[in-house]
Amino acid sequence: MTDPPEAGEAVHPSSAIDEAAVESWLESHPEFFEDYFYRKATRRLVDTWVYRRVRTATTTSSHGASFSSFDWHSIPETLAQQQNQQQQPAGGDSAIQEEIESSVNVSRSTSCSSNVIRKVSSEFVYLDRNQSSSPLLTRFTDGSASFIIDSMVASPTLPRTPSGLGTSNKHQQQSQQQPLPQPAQPTAEQQQAPAAASSGAQGLRAFAEEGMLRELVLDIFHELDVATLCHKILRNVCLLIGADRCSLFLVESAPGRSQLELVSNLFDVTADSCLETILANHSSIRIPIGQGIVGSVALTGEPVRIADAYQDERFNAEIDKQTGYRTKSVLCLPVKDHTGAVIGVTQAVNKRDGGVFSETDEKTFETFLTFCGIGIRNAKLYKQSQLETKRNQVLLDMVRIISEQQDNLDPLVRKIMHYMQLITTCRWCQILLIDDPTSVEGMFDHAFELRFEDDDANSATVHDGESRQPAAPVVTDYCRMLLNSELISLVCDTGEPLNISNPREDMRLTELERLSISALLCLPIKNAQSRVAGLCLLMNKSDGGAFTSGDQQLAEAFALFCGLGIHNTRMFERAEVAKRRQQVALEVLSYHAVASSEDAQKLAKCLIPSSRFLGINEFSFSDLAMSDEETLISVIKMFEDTGLFSAFKLNYASFCRWILSVKKNYRAVTYHNWRHALNVTQCMFAMLRTSPELRGLNRLDKLALLVASICHDLDHRGTDNKFQRLTLSPLAQLYSSSMLERHHFNQCIMLLSINGCDILSSLSQSQYERCIATIEKCILATDLQKHMAARKVLQQLVTDRAFNWSETAHQDLLLGLLMTAADLSAITKPWSVQKKVAFLVASEFYEQGDREKQELHLQPDDQKDRAKQQKLPKMQVDFIDFVCLPVYTLLCEICSELHELRNGCLSNRAQWESLTGQ
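In short, a report on the structure. (Residues numbered from 1 in each chain as written. Predicted model: local features only at pLDDT ≥ 70, side-chain atom pairs only at ≥ 80, totals over all residues. Heavy atoms only, no water.)

This brings us to the side chain of His810. Along the chain, the position of His810 falls in helix 31 (residues 808–823). Beyond its immediate sequence surroundings of up to four residues, His810 is in contact with Leu797, Ala802, Phe803 and Asn804. (Helix = DSSP H or I, 4+ residues; strand = E, 2+ residues; numbered from the N terminus. Contact = heavy atoms within 4.5 Å.)

Below you can see the structure in the form of structure tokens.
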């Protein structure tokens, strides 16, 4: 195998002049050649270069060549030879071609892939049998790829550090002792090259810049991290125009103010700087728009090129004094987005070759920044979308916390403060709450504080991927500092947030407050009625800066959910307090509503006479001559004769106490009292005993019917449902329909649930549930409005002969009809009894009418108007025709042997009709 040609050997005569010009120019611009080699070297050229390294390593028994000993001249020669071979026919210098092809074959036999390598990011390892593997591409400290091995990489230059972020003198001395390699000076032979070489070099540079721009722009558009993108932009700028270092300032809103300013995103980036190092030593520099060179470029949007910075009055030499760096030439250009708006300013300082920035540099810089502005805007939009996603996650987390923590205010406030610290990175959080937002004093009833100290064991930290909960909020002397502050009163009065970027200059704060607070964000916490129910104070950012507009917007959205959560928790606590008060009231009510055990024992010892003696089997039954004790004994006898005590093993002592408690819970109103309940129960008992069809009902339904009858008007107030709605009584607010009937049922359940009155405790679970459900249906059926609708359905079933006793729905309609028939049974009594009862009913109606006139200033209906008593006979006839007679007529069609009820109704109608003419 023939060895490849060595450097300095003769080449084709026709390319000697071009090679000399190219080689001379490349020796004068090593940084361009390295960059050009990275981007343009073909696989064949790289393989040839690797072959030469392997040969050199084998000959000298070393693992690599140093930067100074490496023969860089051979690469442009080979590149020129390849170009000449592509232009000339195959009859060229066959020896050189064979050597190159031979070297390529060697490298192919040891390479990992035969694909063409075009990008710097590609990494391939070339192996040799006689030595360990070494990477073709190595990486700088920042992770960027390079063809140069570690020994060839120069030390990174010391970045110019702004005030407060200076590096040690030892580091500066070490940096000064290791300068960057200087470009090689052209030889005398190269200086005598023809003038045509200059034009060739310019064309080569233009061609290289075009390709470099294309690669850099593609790289920028694929990067969405703002810091990484800006670092790439500045490094690429240094490479493009040969700048020593570059800085990027982005336009941002000033903290706590509406005006814009320039903020140093990255400062003093060099071509080989590391992003991590830059960020570690970086401190934000803020420059007002229009101030200094950078500020004036941002204001005018025009580029500035200065040969000597110290001759420009806009230049600020303070940073040069602090770092010892000498600024000479400056090239400053605006960064614009796709709309032409200035979004930043890029500043390049000092040419590496000691010259000044040229117009060509400015045009190249401007072309590149056109794409950079779009890339920065896209990266910002991506960052904003990420922040918005995180913000939504935080808010959703807050909603979850609110929904989970509603029973106690203290842990909820602790979690709120913990989240506030996380989303705003503040070191001090206070929440002040007002129990009564309408209070004119404006005093805070609760104060919570959470301070996050670096040396506090209870501070919020992250451990094993989980957030440790902070200590419980406590009230300290610090927490009391701002309670009476003028700023607190201002936020409470206006309901608007307050962001103070420099509290130490705000004279509205006390001296202690100004010393303790470096940044303050005060947010109102509003309840569901948009009233200020408290304040959230966020103080002292972790980075020492002020709260940004982004912090404020996120904290405001968070405070909105906090206000709702705190309001809901307080409402829940108040509901719990009301519930406990209700329980106490129920205990007191139960004590006074339940009959005493002594009275129950006395009743249990009474002798129970026969049904015939009490007259409870007759529809003509009357309680007018009975004593209260006899009425109680009559009810006991009804349950006994129905067989309920033996069928369900009802406790007799509990039953006596229960029936006494039922009697006690009927109010002393004119008509809807205990005596009315007794008559309704007696009519129900008589119907169950008389009708063969009703005798066939199961005993559980009979038990439910008798219990519902005796309890159907419990705690009646002597007024109807209409009056409850007109007066907006608690019953009307509690129930939407059948207010009184639902209240009667609830009172019934309350008595059945009291220990000592639980007569249904002997029932099985299924029997108990079914009995309670039947009791509810029967009591609600006494509402005449519900009765009218149900009667129409039942009448249609009877007319169509579709009524079925085994159908549950049909049976429920029948039970409702039985309850209405028993409730209206006074209209079926003998005339002497019916007339007295009718006047009792009318008297209760007149009392309600009087209240409507006095309290509501309304004209009552005729049946409730005392001034229209003479119309009572006519109204009774109408009531019988419209309500009562249809009930008993329908009942007689379903159940036999109940005609006595219908006949009594007709007889009383005739009596009332005879009085209409008087």
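What follows continues from the structure just given.
Each aromatic ring pair is described using two quantities: the centre-to-centre distance and the angle formed by the ring planes. Scanning all chains against the criterion turns up eleven aromatic pairs. Taken together, a centroid distance of 5.8 Å and an interplanar angle of 50° make the contact between Phe645 and Tyr652 tilted. A ring pair is formed by Phe645 and Phe655, whose centres lie 4.9 Å apart and whose planes are at 70°; its orientation type is edge-to-face. With Phe645 in helix 21 (residues 644–648) and Phe655 in helix 22 (residues 652–664), this residue pair connects regions lying ten residues apart in the sequence. A relative accessible area of 14% means that Phe645 is categorised as buried. Through a chain of ring-to-ring contacts, three or more aromatic side chains come together here, namely Phe639, Phe645, Tyr652, Phe655 and Trp658. Sitting over the face of the ring of Tyr310, Arg326 holds its NZ or CZ atom 3.9 Å from the ring centroid. A cation over a ring is seen here: Lys864 above Phe845, with NZ or CZ 5.3 Å from the ring centre. (Phe/Tyr/Trp six-rings, centres within 6.5 Å; stacked < 30°, edge-to-face > 60°. Buried < 20%, exposed > 50% of the residue type's maximum accessible area, 1.4 Å probe, protein only. Lys NZ or Arg CZ within 6 Å of the ring centre and 35° of its normal.)

It is worth spelling out the sheet that holds strand 5 (residues 243–253) at this point. Sheet architecture is open: six strands sit in the order 7-6-5-10-9-8, paired in antiparallel fashion. Edge strands, defined here as strands with exactly one partner in the open sheet, are strand 7 (286–288) and strand 8 (304–306). Across the sheet, the axes of successive neighbouring strands diverge by a mean angle of 25°, strand direction being ignored. (Pairing = 2+ DSSP bridges. Axes fitted to C-alpha atoms, helices over the stretch in contact; angles between N-to-C directions.)

Next up on the list: the nonpolar core. Ranked by internal contacts, the top residues of the largest apolar core, which has 95 residues, are Phe639, Trp658, Met687, Leu703, Ile775 and Leu891. With residues near it in sequence (within four places) discarded, Leu703 still touches Phe639, Leu644, Phe648, Leu650, Leu760, Leu763 and Cys771. Counting 32 residues, the second-largest nonpolar core is a separate cluster that includes Ile401, Val413, Cys536 and Phe558. (Core = buried A, V, L, I, M, F, W, Y, C linked by side-chain atoms within 4.5 Å.)

Take the pattern of salt bridges next. According to the stated counting rule, one finds 28 salt bridges in the structure shown. A salt bridge links Arg314 to Asp312; its shortest N-O distance comes to 2.9 Å. With a relative accessible area of 17%, Asp312 lands in the buried category. Two residues, Arg866 and Asp850, come together in a salt bridge whose shortest N-O distance is 2.7 Å. Within this pair, whereas Arg866 is found in the loop between helix 32 (831–856) and helix 33 (872–894), its partner Asp850 is found in helix 32, the two being separated by 16 residues in sequence. The partly exposed category is assigned to Arg866, whose relative accessible area is 36%. Owing to a relative accessible area of 23%, Asp850 belongs among the partly exposed residues under this scheme. Members of the salt-bridge network, linked through shared partners, are Asp623, Asp628, Lys663 and Arg675. (Salt bridge = Lys/Arg side-chain N within 4 Å of Asp/Glu carboxyl O.)

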